[in-house]
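One letter stands for each residue in the lines below.
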Amino acid sequence: MASGWSVAAIVSSQVPPSTLLLLPGLLLLSLFIAWIVWDVIDRRGATYVSFRQFPGPAAWPLIGTSYNTHGLDAATTFDAFRRWTQQYGGSYRLWLNSYLFSLNITRCREAEPFLSGGRNTDKSVLYNFLHPFIGIGLLNSAGAKWLQRRRILTPTFHFHILTGFHRTFCEESEKLAVKIDSQRLLEPAVEIDLQSAMSQLTLNTICETSMGVKLDSLDGAREYREGIYRVGTMMLNRAIRPWLYVDCIYWLLGYARQLQRLLKPLHHFTNRIIAQRRELRARPGWKPEAVRHAGHTAGGLIDADGIREEVETFTFEGHDTTASALTFILLTLSWEPAVQDRLYQEVRQLHTDKGTAAPDEHLAPNDLASLKYFDRVIKECLRLWPPVTFISRTVTEKIVLPDGRTIPQGCIANLHIFDLHRDPAQFPDPERFDPDRFLPDRVAARNPFAYVPFSAGQRNCIGQKYALLEVKTVVAYLVLRYRILPVTRREEIRFIADLVLRASSPLKVRFERRSA
């Protein structure tokens, strides 16, 4: 031991102090040179060579294309995705290195392999960022766990069960109408912030239909809705900054603690929903309304942690996406008075044909399904304004496209539904609102994956029939009762990149009561 210390002392005494000070710098320089060498070798590999077949921004040494996202916020990120699609004429690549690279898909030919068949169905690393929020439930699980959950929950959305949900949709539509009418004493046409009003309506419906819990008896709903917006901002902040993909860096920089503070009231809200559901089950004489509540379907088949994951998932996904759809459908009707009038006439005629007494009485699910023009209007709104603008997959098996290009294994495939729905080859003059795009002959002439507001294939949205029934119930009731007049103009909207399609400022319309 003494001998070892003597040698170290002799060596240190022979090395000048200035040299010792240079050692950390030399170490960093060596690491930097090694990084450069690795980057050069990495770009000569098969992954980068095949990936260069796709257009995209120039990849700079070491930082790849990440300079393109520097300084972006939610609004400029949304704009950048649209700009790159135009600039590169379709799908485009972004590259950091062979461990982190993405193909941003905006055309059917690249999207089809992910939306058909059973391969490459796993969600990408971006969905890992949602794990602290909603756990690993149906939305972001994979493999056997996803398959088990899907099989358990699919019966919840059977047509006969959805018919039971219809009553709740009607009740919440009426509550909204009461709020609007209560303000008509001051103004003949009442101005409404759609994002707030629709979010409140759909959160009420998802809690009652999925768990049998009425939010009238719970506090915290407003904080939950507002908290989701802040969580979405944090998710975006992480998604466009590659260094934050590393969990320890995310934690060291304080973002993980900030996220946990934001999530605390959200989890408290959903925990109270679960607790109230359990209280209902414990009451003497309680009978399970199996035809109505998804919570009963899952009971006994999924453990307590799994139930919490699915409640978190359905509370978020089941209300925020539908609220976005309703917001932009009603907004679009305010901009398209001729479309709104024709839709009103179709719904009103069905009332007349059925001999319905009240002019604004609710239509049954079968009646709503029979309205052909109404259906085309809803589809065209969802084409222009898909609630989920973007989904992301991991390429677990390399994909060879019909033109010979290869999407390498390990790639993050970001499917931009907002841009897929604006492909001029599939939808000429794509920004024009035209419900007749969904006439049967025109649908048959298009690629089947040109229109995917609910995704497609194995991982399509489990709740799409639920969402469409809710949307049609609410819209039909409101259109029969009110003229929807514009306040926010289309050119005034500044979209932001978020968990669902959202704008940076309130989106408003005016509701004017129709004469009897």
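The structure reproduced in this document is the subject of the present report.

How each quantity is defined
- Residues numbered from 1 in each chain as written.
- Predicted model: local features only at pLDDT ≥ 70, side-chain atom pairs only at ≥ 80, totals over all residues.
- Heavy atoms only, no water.
- Buried < 20%, exposed > 50% of the residue type's maximum accessible area, 1.4 Å probe, protein only.
- Helix = DSSP H or I, 4+ residues; strand = E, 2+ residues; numbered from the N terminus.
- Arc of directions from axis to C-beta.
- Contact = heavy atoms within 4.5 Å.
- Phe/Tyr/Trp six-rings, centres within 6.5 Å; stacked < 30°, edge-to-face > 60°.
- Lys NZ or Arg CZ within 6 Å of the ring centre and 35° of its normal.
- Polar contact = N/O pair within 3.5 Å; in protein donor to acceptor, adjacent residues only side chain to side chain.
- Axes fitted to C-alpha atoms, helices over the stretch in contact; angles between N-to-C directions.
- Left-handed = near helix turned anticlockwise from the far one by under 90°.
- Nonpolar A, V, L, I, M, F, W, Y, C, P; charged D, E, K, R; others polar.
- Core = buried A, V, L, I, M, F, W, Y, C linked by side-chain atoms within 4.5 Å.
- Lys, Arg positive; Asp, Glu negative; His and termini not counted.
- Salt bridge = Lys/Arg side-chain N within 4 Å of Asp/Glu carboxyl O.
- Parallel < 35°, antiparallel > 145°, perpendicular 65-115°, else oblique.
- Expected span 1.5 Å × (residues − 1).
- Pairing = 2+ DSSP bridges.

## Details of helix α5 (residues 108–115)
Part 1 of the argument: When we look at burial in α5, the residues that qualify are Cys108, Glu110, Ala111, Phe114 and Leu115. Within α5, the buried residues cover an arc of 160° as seen down the axis, which keeps them to one side.
Part 2 of the argument: Contacts made by the buried residues of α5 are with β2 (100–105), β4 (390–394), β5 (399–400), β6 (406–407), β7 (412–416) and α18 (417–420).

## Here we look at the packing of aromatic side chains
Part 1 of the argument: Enumeration over the complete set of coordinates arrives at 28 aromatic pairs.
Part 2 of the argument: Judged by centre distance (6.2 Å) and plane angle (75°), the ring pair of Trp335 and Trp385 falls under edge-to-face. Here Trp385 lies in the loop between α17 (372–384) and β4 and Trp335 lies in helix α14 (residues 304–335), a separation of 50 residues in the sequence.
Part 3 of the argument: For Trp335, a relative accessible area of 18% puts it in the buried group.
Part 4 of the argument: Taking the relative accessible area as the measure of exposure, Trp385 reaches 3% and is therefore buried.
Part 5 of the argument: Linked through ring pairs, Phe78, Phe328, Trp335, Trp385, Phe418 and Phe495 together constitute an aromatic cluster.
Part 6 of the argument: Positioned above the aromatic ring of Phe438 is the side chain of Arg446, whose terminal nitrogen or guanidinium carbon lies 5.0 Å from the ring centre.

## A word on the environment of Thr106
Part 1 of the argument: Looking at where Thr106 falls in the secondary structure, it is placed in the loop between β2 and α5.
Part 2 of the argument: Taking the C-alpha atoms as reference points, Thr106 and His421, 315 residues apart in sequence, are found 8.4 Å from one another.
Part 3 of the argument: Apart from residues lying up to four places away in sequence, Thr106 is in contact with Thr85, Gly90, Ser91, Tyr92, His416, Asp419 and Leu420.
Part 4 of the argument: Looking at Thr106, its side chain comes within polar contact range of the main-chain oxygen of Gly90, at 3.1 Å.

## Comments concerning the packing of helix α12 (residues 255–282) against α14
Part 1 of the argument: At a minimum axis separation of 10 Å, α12 and α14 run at an interaxial angle of 120°. In this structure, α12 meets α14 at a crossing whose hand is right-handed. Contact residues: α12 offers His267, Phe269, Thr270, Asn271, Ile274 and Arg278, while α14 offers Ala304, Arg308, Val311, Glu312 and Thr315.
Part 2 of the argument: Its residues assigned to classes, the contact of α12 with α14 shows 4 nonpolar, 4 polar and 3 charged.

## Re the environment of Trp243
Part 1 of the argument: With respect to the secondary-structure elements, Trp243 resides in the loop between α10 (221–239) and α11 (247–252).
Part 2 of the argument: Linking Trp243 and Ser210, residues 33 residues apart in sequence, is a C-alpha distance of 38 Å.
Part 3 of the argument: For Trp243, the contacting residues outside a window of four places in its chain are Ile249 and Leu253.

## A few points about unusual backbone geometry
Part 1 of the argument: For Asn120, which is not a glycine, the phi torsion comes out positive at approximately 55°.
Part 2 of the argument: Checked against the element boundaries, Asn120 lands in the loop between α5 and α6 (131–134).
Part 3 of the argument: Within the chain, Asp429 stands out as a residue other than glycine whose phi angle is a positive 50°.
Part 4 of the argument: Along the chain, Asp429 falls in the loop between α18 and α19 (440–444).

## A word on the nonpolar core
Part 1 of the argument: Ranked by size, the top nonpolar core spans 145 residues in total, and within it Phe133, Leu333, Ile407, Val475 and Phe511 carry the most contacts.
Part 2 of the argument: Sorting elements by how many residues they give to this core places α14 first, with 12 residues.
Part 3 of the argument: In contact with Ile407, other than residues within four places in its own chain, are Phe54, Leu103, Phe114, Val395, Lys398, Ile399 and Leu401.

## Observations concerning the side chain of Arg446
Part 1 of the argument: With respect to the helices, strands and loops of the structure, Arg446 is situated in the loop between α19 and α20 (464–481).
Part 2 of the argument: Of the side chains bearing the opposite charge, Glu380 lies closest to the buried Arg446, which forms no salt bridge; the N-O distance is 7.2 Å.
Part 3 of the argument: Of the polar contacts made by the side chain of Arg446, one reaches the backbone oxygen of Arg437; its length is 2.8 Å.
Part 4 of the argument: With residues up to four places along the chain from it excluded, the contact list for Arg446 reads Gln426, Phe427, Arg437 and Phe438.

## Observations regarding the packing of α14 against helix α15 (residues 337–354)
Part 1 of the argument: Running from N to C, α14 and α15 point in directions that differ by 110°, and their axes come no closer than 5 Å. Here α15 runs roughly perpendicular to α14, going by the angle between their axes. Touching Leu333, Ser334 and Trp335 of α14 are Pro337, Val339, Gln340 and Leu343, all from α15.
Part 2 of the argument: Taken together, the residues of the contact of α14 with α15 sort by class into 5 nonpolar, 2 polar and no charged.

## Here we look at α17
Part 1 of the argument: For α17, with 13 residues, the first-to-last C-alpha span of 19 Å sits near the 18 Å given by 1.5 Å per residue.
Part 2 of the argument: Buried residues dominate α17, accounting for 10 of its 13 residues.
Part 3 of the argument: Those residues of α17 not exposed but buried are Tyr373, Phe374, Arg376, Val377, Ile378, Glu380, Cys381, Leu382, Arg383 and Leu384.
Part 4 of the argument: Lining the buried residues of α17 we find α14, α15, α16 (365–369), α18 and α20.

## Here's the deal with the sheet that holds β4
Part 1 of the argument: Reading across the sheet, the 4 strands line up as β1-β2-β7-β4 and stay open at both edges, with mixed pairing between neighbours. Two strands in the sheet have a free side with no partner beyond their single neighbour: β1 (92–97) and β4. Neighbour to neighbour, the strand axes of the sheet diverge by 20° on average, direction disregarded.
Part 2 of the argument: Of the pairings in the sheet, the one linking β4 to β7 comprises 5 bridges and is antiparallel in character. Bridge pairing links Phe390 to His416 in β7.
Part 3 of the argument: Along the sheet, helix α4 (residues 74–88) makes contact with β1, β2 and β7, crossing β1 at roughly 115°.

In short, the description is geometric, and any link to function would need to be established separately.
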